[in-house]
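One-letter residues, chain by chain:
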Amino acid sequence: MKVLVVGSGGREHAIVWALSKSPKVTELFCAPGNAGIAQLATCVPITATDVDGMVTWAKENKMDFVMVAPDDPLALGMVNALTEAGIPAFGPTKEAAVIEASKAFSKELMHKYHIPTAKYATFTDMEKAIAYVHEQGAPIVVKADGLALGKGVVVAATEEEAVDAVKSMMEDNKFGASGSTVVIEECMTGPEVTVLCFADGEHIAPMPSSQDHKRAFDGNEGPNTGGMGAISPTPYYTPEIAERCVKEIFEPTMAAMKAEGRAFKGVIYFGLMLTPEGPKVVEYNARFGDPECQALLMRLDTDLMEILEACVNGTLDQLDIQWKQDASCCLVLASGGYPAHYEKGKVIDGLDQVQDAVVFHAGTAAKDGQIVTNGGRVLGVTALGSDLEMAIQNAYKAAKPIHFDQMHFRNDIGHAF
Ligand code: AMP
Ligand code: GLY
């Protein structure tokens, strides 16, 4: 099969890496890709959000299958367009991707179908939003409605902080159109776990649990990022909790989406908080998380291509997906300054000295025979281990030889809950 993966981050490198091992895949392409992906696939210079460009290229080059990984092209309807063009495509339709693209939609869905989540209210009027903050008191959570790269969320410790967040989203337009509607939520407490499920519209196949580390600095301090590292599994996700999540959250969500005429195919991401009252949904994503994907795919034993096809064909229930018992850890090496301002073009040394780990490239480019930094999150050093502690140790050890100017990483991946 000729397969195209859409996207350019660490997640896409992990997907390309897994697909490159599939006997079914004879030719692999990635658009636009990065310097690491280029070692396994032919990179095609089309931006991930160029729906028409992508469909035209996929048709002209006779792709047998397209895997759309990032949120933006999914929300723009790339899977709809590819399907209409007769090309099998993995990922939710635009109608189903709205579960991530609009927090107002997902909160309403959970409310309507009694799926446990934080109490909330949605506002398009700033004065009303501010009045609600004062009425509810702090701590309280303010979220921009649309896609904001995981950065449109403020967990406010004080009413003043919450009001500032509302103003910056609604008045200063910090997040553009995605901030014209805000969702204000009750602040939940408890450990966070993430569970991704393959989904074929009807059935789900939950993957092992994982956990991202969203804050930039050790001890979960600093601004929210796209994710500074991930582990799988997380010790908090016991078999008892898993059973509750399937019954109370995962299956009801799939049924709700189907009932709304938005049957979900692809990867559905459940960001959960294990609160004193039980597991509740923090957020849904309509795709693999990054860097959770890197940690998870290291543990996958079944051919990823077979799974992707089963999701598109609606035959996921006929597949017995196998995972390694080993735990895994993905340590993100980021550019100094990320998620705010950072410099690009720093030469990356030591990549050829890494042992016993896979280095997934996120923001890298090839320049004059060298690999240089080209984004905020640069690399994801991903290792397995017989248990979580070993996996964490192995990832940190493997990352030791890697260096670039102003490289930044967290020292507590797997140890900060
Ligand atoms: P989100 O983009 O919705 O996942 O939010 C980013 C992060 O903000 C989450 O991973 C949580 O740590 C935190 N967060 C979001 N909503 C809540 C909430 N209702 N209560 C407490 N923390 C939250
Ligand atoms: N790691 C969180 C995300 O991909 O949104």
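Refer to the structure above for everything that follows.
Residues numbered from 1 in each chain as written. Chains lettered and ligands numbered in written order. Predicted model: local features only at pLDDT ≥ 70, side-chain atom pairs only at ≥ 80, totals over all residues. Heavy atoms only, no water.

Draft legend 1. Representation of the sheet that holds strand S8 (residues 153-156) within the structure. Strand order across the open sheet formed by 4 strands is S6-S9-S7-S8, with antiparallel pairing between neighbours. Lying at the two open borders of the sheet, with one neighbouring strand each, are strand S6 (120-123) and S8. The sheet shows a mean angle of 20° between the axes of neighbouring strands, taken without regard to direction. One ladder, built from 4 bridges, connects S6 with strand S9 (residues 182-186); its direction is antiparallel. Of the residues in S9, the one forming a bridge with alanine 121 is isoleucine 184. Of the strands in this sheet, S6, strand S7 (140-144), S8 and S9 are in contact with helix H8 (residues 159-170), which crosses S7 at around 5°. (Pairing = 2+ DSSP bridges. Helix = DSSP H or I, 4+ residues; strand = E, 2+ residues; numbered from the N terminus. Axes fitted to C-alpha atoms, helices over the stretch in contact; angles between N-to-C directions. Contact = heavy atoms within 4.5 Å.)

Draft legend 2. Spatial organisation of the environment of glycine 271. With respect to the helices and strands, glycine 271 occurs in strand S15 (residues 265-275). We classify glycine 271 as buried; its relative accessible area is 7%. Note: C-alpha distance between glycine 271 and valine 281 (10 residues apart in sequence) is 5.9 Å. Every residue in contact with glycine 271, bar those within four places of it in the chain, is listed here: Val193, Lys280, Val281, Val282 and Glu283. (Buried < 20%, exposed > 50% of the residue type's maximum accessible area, 1.4 Å probe, protein only.)

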